[in-house]
Amino acid sequence: MAAAWSLAYLGLGIAWWAGAAGNPADPSVDDAVGLSLLTVWGATTGAAMLTAVGGLGLVLAATMVARRRRVPIALLPPRMTTVLGIALAVALAVLLPDFRLIAAIAYTPILLVLTLFGGAPGDVTLWPWPVVNMAVLSLAGLAWFVAVVEDAGRRRWEAADDGRDRIGHMSGVAARWGRRATGLAVVLPLGYAVTRYAWALGIPLGVSPELLDELGKGVYAGAGLATLGVLGAVLTLGLVQQWGEVFPRWMIGVRGRPVPVGLAVVPASIVSVVVTSAGLMFVRLGITGRFAENFPGGTSDVAAWLPEMFWPLWGAALAAATYAYWLRRRAGAPAGRS
């Protein structure tokens, strides 16, 4: 997947650089200028950056394949391959997308429910091409992260006397900080949820009454997103609880069966990525003083922007908790033990 994405976006980047239609960095394609770094850079520079990361990806993929097949051609040394691969994964997954990706993911099920009951607004488009492109970039970033970790892990296993003992040791270390990371990942979204629930009840918590009036029915959309955050916090607890490893008794049909590792790791990884990317966008807008240009509320409306500033920490904590869970399940250690 990582190599295929790199080849595709190398070609697309060159085409967009030459002026082809569909360039996600072009303001005529994405009119929300300033939200994504691609639109900040502009059409030409943005296309050049996508071309560069596509080309870098192909070099990294060729290096990994050559090393796996023991071909005596090293395009990049192992450590540089790991560093550049992680940098590429971070850039694609959390730096280039913006908050519209998490909004599209969160509001899609809400819109589907409204559609079933005939209450969906007719002028809402959650997945325009710029947002679809963000989803592709994020998935590519996750694919690159997995590829790099697998490549580095295989090299460590080949160098170690007993790879499983190493995984077991890493699992024991992760158990000590996994619970702390999980606690942070559970608590941080609750601050956002409290403010949005208050707004939905007509309480101007942390904002002016004028802003609440300006938002109108938009407060219910915020409450919906807050509800998904609370549900996510509850599910995050499963990363350190027994029911996160074995289906509980009340789940008819699967009770007592092991929870597939991917069922927990994949959604949690995706959420950690989109939350972090959205949070970094809010931090960037806050630092540059451009928050009010893109969202309702000013500096004095603290609750309009402060909870989002903690989203990068929320995403990082969720990613760390997910990694600790994966290590523990891979080593076969039960929840709550090191």
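Every value quoted in this text rests on a predicted model; they were computed, and no experiment measured them. (Residues numbered from 1 in each chain as written. Predicted model: local features only at pLDDT ≥ 70, side-chain atom pairs only at ≥ 80, totals over all residues. Heavy atoms only, no water.)

A. Molecular detail of the overall build of the chain. Looking only at helices and strands, the chain has 13 helices and zero strands in total. The secondary structure elements of the chain, listed N-terminal to C-terminal, are α-α-α-α-α-α-α-α-α-α-α-α-α. Scaling as 2.2 N^0.38, a compact globule of 338 residues should have a C-alpha radius of gyration of about 20 Å, and the chain matches this with 22 Å. Taken along its principal axes, the extent of the C-alpha atoms in the chain is 65 × 60 × 40 Å. The 338 residues of the chain split such that 41% are buried. Contacts spanning at least 24 positions in sequence make up 73% of the contacts within the chain whose residues lie at least 6 apart. Working note: accessible area of the chain is about 17400 Å², and carbon and sulfur atoms make up 69% of it. (Helix = DSSP H or I, 4+ residues; strand = E, 2+ residues; numbered from the N terminus. Rg over C-alpha atoms; globule rule 2.2 N^0.38 Å. Buried < 20%, exposed > 50% of the residue type's maximum accessible area, 1.4 Å probe, protein only. Contact = heavy atoms within 4.5 Å. Areas by Shrake-Rupley, 256 points an atom, 1.4 Å probe, with all protein chains shown as cover.)

B. Examining helix α5 (residues 99–116) more closely. Helix length check: α5, at 18 residues, gives a terminal C-alpha distance of 26 Å against a target of 26 Å (1.5 Å per residue), a fit within 8%. Considering bend angle alone, the principal kink of α5 is centred on Y107 and spans about 35°; proline P109 follows within four residues of it. Buried within α5 are the following residues: R100, L101, I102, A103, A104 and A106. Downstream of α5 by a residue or two, G118 has a phi angle that is positive, lying close to 75°. (Expected span 1.5 Å × (residues − 1). Bend = angle between axes of the 7 residues up to and from the residue.)

C. Here's a closer look at the packing of aromatic side chains. In total, this model carries twelve aromatic pairs according to the counting rule given. Judged by centre distance (6.0 Å) and plane angle (80°), the ring pair of W311 and W314 falls under edge-to-face. On the criterion of helical spacing, the pair formed by W311 and W314 is a turn pair, its members being three residues apart in helix α13 (residues 311–331). Residues W311 and W314 agree in their burial class; the two are buried. Through pairs of rings, three or more aromatic residues link up here, namely F99, Y192, F282, F291, F295, W311 and W314. (Phe/Tyr/Trp six-rings, centres within 6.5 Å; stacked < 30°, edge-to-face > 60°.)

D. View of the pattern of salt bridges. Tallied over the entire structure, the rule returns six salt bridges. The partner of D30 in a salt bridge is R100, with the nearest N and O atoms 2.9 Å apart. Of this pair, D30 sits in the loop between α1 (2–17) and α2 (37–41) while R100 is found in helix α5, placing the two residues 70 residues apart along the sequence. Residue classification places D30 among the buried positions, given a relative accessible area of 3%. R328 is paired through a salt bridge with E245; the nearest N and O atoms lie 2.7 Å apart. Placement of R328 in helix α13 and of E245 in the loop between α9 (218–237) and α10 (261–288) is noted, with a sequence separation of 83 residues between them. There is no split in this pair, since R328 and E245 are both buried. Through salt bridges that share partners, D30, D98 and R100 make up one connected network. (Salt bridge = Lys/Arg side-chain N within 4 Å of Asp/Glu carboxyl O.)

E. Representation of the confidence of the model for the chain. Looking at the chain as a whole, its pLDDT mean stands at 88, while 91% of the residues score no less than 70. Looking at the elements of the chain, mean pLDDT is at its lowest for helix α7 (residues 163–200), recorded as 81, and at its highest for α1, recorded as 96. (pLDDT = per-residue confidence, 0-100.)

F. Summary view of the side chain of T322. Here T322 is to be found in helix α13. On the basis of relative accessibility, which here comes to 4%, the residue T322 falls in the buried class. Apart from residues no more than four positions distant in its own chain, T322 is found in contact with L239, V265, A268 and S269.

G. Layout of the nonpolar core. Core analysis: the biggest nonpolar cluster contains 37 residues, and F295 and W311 have the highest contact counts within it. Residue assignment for this core shows that the elements contributing at least two residues are α5, α6 (129–159), α7, α9, α10 and α13. Residue contacts for F295: discarding those within four places in its chain leaves L35, F99, M281, F282 and L285. Core analysis: the second largest hydrophobic core is formed by 23 residues, A2, L38, L60 and A61 among them. (Core = buried A, V, L, I, M, F, W, Y, C linked by side-chain atoms within 4.5 Å.)

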